[in-house]
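Structural overview
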Amino acid sequence: MKHLTAVLVATVFVLATISARAELVIEITQGMDNPTAIAVVPFAWQGNGTAPEDVAQVIDNDLARSGQFDPVGRGDMLARPSTQQEVFYRDWRAINTEYVLIGRASVTGQVQMRIEYELFDVNRQARVLSGYEEGHVNDARMLAHRVADEVYETLTGIPGAFATRLLYVSVTRNPGGKDFYRLTLSDSDGARPIVLLESREPIMAPSWSPDGKHIAYVSFETSRPAIYRQELATGARVQLTNFRGLNGAPAWSPDGNSMAMVLSKDGNPDIYLMDLRTRELTQLTRHYAIDTEPTWMPDGRSILFTSDRGGRPQIYRYDLRSGATERLTYEGSYNARARVAQDGRNLVMVHQAGGQFHIALQDLVTNRLQILTSTDLDESPSIAPNGSMVLYGTKSGDRGILAAVSVDGGVKFRLPAREGDVREPAWSPYMNR
Amino acid sequence: MKQLTVAGKVLTLLFAAVFLAACSSKDTKDDSSAADAAAAEAAARSAAERAAMEDAAMAERRLQDAVAAVGNVFYFDYDSSTLKPQAQAALDAHIALLRTNDRSVRLEGHTDERGTREYNMALGERRANTVRDYMVVNGIASYRIETVSYGEEQPIAYGSGEANWSQNRRVELK
């Protein structure tokens, strides 16, 4: 026991440190055919010294990354207004800009930051949005992401998902020794990475609680896989399982009260449900095949999972009230690890076609299947809370990288790490303010 | 000069000790001539035991050499958890050695990078279980065997392509 404790101390660090090495870099590879031209004018800084963050640049990058906007370069701007009085539409018509976003940032008190913004429609010559965001100066980037969310929703009709966060696993290889595994939390654009857990043993399957305040993951730090729950604000964590065999793929129910998971303690992998208050387990599937990768339908009434009970891995749906199981996927010989958008209609998964593994989307109403990616070894899809983008892991050369694709396949970008491998992205739900 | 004096004293003491020891050994021999036969018998017995132990050690060494020759990694085909004949032969060497001791082993199942991570965790477990079952059938008690799956998380070769993948689809006996 003493020995075990020593090993734990030596190999596991629960950290909250900024790690520049784990930072993701964004490379947009494909945008929409006719993106909206928008000018995000540098925001006026109404405080001492220089602004703590170039708020306009964060917003500009968010909108560009969506693939639906083509932000005007600052060098092309004929004017840099920061108030409505300074906006002259002819300046923007001259450079074919459809929308202009201006704003002002200031610090009130010691640490409170306030960002005011106004959005103008150049063709209609009208202000179409105005508002402000306030928060701690250290959260300047998050305030900027919220402005981007408002602009995005005003212009597309879809809520933005920039003010959200990502979890992912990164690995630094250590040839001849044990690799370093890290569980990292970052902004949705990969900025501000925070290492939550560092270990010499694998870390897998990060997932979010529905309120975005807790996470769950699998860590091999005891030399066996076990499921842990961790509170983001305090770092406090609890080991939820430690069964013989697999302890994997934790998935929070939409109401936050229970967690679906994979256990093989009774001989082979089956889906179980844990009541998070009582820790009581209920076995849901009972089959000699592999049943794994549970995920919830947004209404909380059924769970999708992968099973090879038909010979090859396919997606099945388990109805929690009736206990009935039905097969959902029929196209292709390998469909696995489903995730369902909040609308309950778009199912994304790993789909094998022509020997390669791609991310595919199946419309659960029409059952039409669309392959979204053209890269190989694509895995671990995670859908943005607004349903617009799918983040996934893939390989570039022999390195693991993250990549994103819009649900219509039209927009693509890559997020390689500055070094090492990155994998298993988990896009957060909307964060409570 | 002082050092030489000390060395001289040590030499004198040693001389005295050797002389005393020689006297005492002579005394013992005079008193126990009746035990000679018993001593000879004991010597013969211990020689036989020694020979038997040497044989056993040699046999054990042979088993260990056999195990070292086959290695402790058993490879599998893509998406398969069936034990290949070569892996079976290698495992037989380990089983022969394990029958001579009470050591516990850990079987770590691994897969290549194709397919999803959780499905590969299940596949790695299947592979480790296949090896475990083979060992149990051949007389190794199941409580001596621990199985753990690492799925695709700990590759031997990081690259893609069959040359790398074939090295990663494995069970390691530790």
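1. Thoughts on the packing of helix H2 (residues 36-70) of chain B against helix H3 (residues 85-98) of chain B
Think of two packed helices as two axes; the pair is described by the angle between the axes and how far apart they sit. Residue and element names in this part refer to chain B. Axis separation between H2 and H3 bottoms out at 9 Å; the angle between their running directions is 150 degrees. It follows that H2 is roughly antiparallel to H3 by the angle criterion. Classified by chirality, the crossing of H3 by H2 is left-handed. Residues Glu 60, Leu 63, Gln 64, Ala 66, Val 67 and Val 70 of H2 lie in contact with H3, whose contacting residues are Ala 90, Ala 93, His 94, Ala 96 and Leu 97. Split into classes, the residues belonging to the contact of H2 with H3 amount to 8 nonpolar, 2 polar and 1 charged.

2. What to know about helix H4 (residues 140-156) of chain A
Residue and element names in this part refer to chain A. Here H4 spans 24 Å end to end across 17 residues, near enough to the 24 Å set by a 1.5 Å rise per residue. In terms of burial, H4 is largely enclosed, as 12 of its 17 residues are buried. Residues of H4 that are buried include every one of Ala 140, Arg 141, Met 142, Leu 143, Ala 144, His 145, Arg 146, Val 147, Ala 148, Asp 149, Val 151 and Tyr 152, and no others. Looking at the residues trailing H4, positive phi occurs at Gly 157, about 85 degrees.

3. Quick word on H3 of chain B
Between the first and last C-alpha of H3 of chain B there are 20 Å, a value that for 14 residues agrees with the 20 Å anticipated at 1.5 Å per step. For H3 of chain B, the set of buried residues is Ala 87, Ala 90, Leu 91, Ala 93, His 94, Ile 95, Leu 97 and Leu 98 of chain B.

4. Side note on the domain arrangement of chain B
Residues and elements named next belong to chain B. The assigned domain composition of chain B is domain 1 (2-68) and domain 2 (72-173). Taken together, the contact between domain 1 and domain 2 spans 5 residues of the former and 5 residues of the latter. Considering only the side of domain 1, the residues that lose the most area to domain 2 are Glu 60, Leu 63 and Val 67, jointly responsible for 85% of the buried surface there. Our count for the domain 1 to domain 2 interface comes out at 0 salt bridges.

5. Some words on the pairing of strand E4 (residues 170-173) of chain B
Residue and element names in this part refer to chain B. Of the two faces of E4, the one carrying Arg 170 and Glu 172 and the one carrying Val 171 and Leu 173 are both buried. Here 3 bridges tie strand E1 (residues 73-75) to E4, and the two strands are oriented antiparallel to one another. When the sheet's bridge partners are listed, Tyr 75 is paired in E4 with Arg 170.

6. Some words on the packing of aromatic side chains
Residue and element names in this part refer to chain A. A full pass over the atoms with the stated rule returns 8 aromatic pairs over all chains. Taking 5.6 Å as the distance between ring centres and 90 degrees as the angle between the ring planes, the aromatic pair formed by Tyr 152 and Phe 162 counts as edge-to-face. In this pair, Tyr 152 is assigned in helix H4 and Phe 162 in the loop between H4 and strand E10 (165-172), connecting sequence segments 10 residues apart. A relative accessible area of 9% means that Phe 162 is categorised as buried. Geometry around Tyr 132 places Arg 114 over its ring, the cationic atom sitting 4.0 Å from the centre.

The rules behind each value
- Residues numbered from 1 in each chain as written.
- Chains lettered and ligands numbered in written order.
- Predicted model: local features only at pLDDT ≥ 70, side-chain atom pairs only at ≥ 80, totals over all residues.
- Heavy atoms only, no water.
- Axes fitted to C-alpha atoms, helices over the stretch in contact; angles between N-to-C directions.
- Helix = DSSP H or I, 4+ residues; strand = E, 2+ residues; numbered from the N terminus.
- Parallel < 35°, antiparallel > 145°, perpendicular 65-115°, else oblique.
- Left-handed = near helix turned anticlockwise from the far one by under 90°.
- Contact = heavy atoms within 4.5 Å.
- Nonpolar A, V, L, I, M, F, W, Y, C, P; charged D, E, K, R; others polar.
- Expected span 1.5 Å × (residues − 1).
- Buried < 20%, exposed > 50% of the residue type's maximum accessible area, 1.4 Å probe, protein only.
- Domains from an automatic or database assignment.
- Buried area = accessible area lost by both parts, 1.4 Å probe.
- Salt bridge = Lys/Arg side-chain N within 4 Å of Asp/Glu carboxyl O.
- Pairing = 2+ DSSP bridges.
- Phe/Tyr/Trp six-rings, centres within 6.5 Å; stacked < 30°, edge-to-face > 60°.
- Lys NZ or Arg CZ within 6 Å of the ring centre and 35° of its normal.

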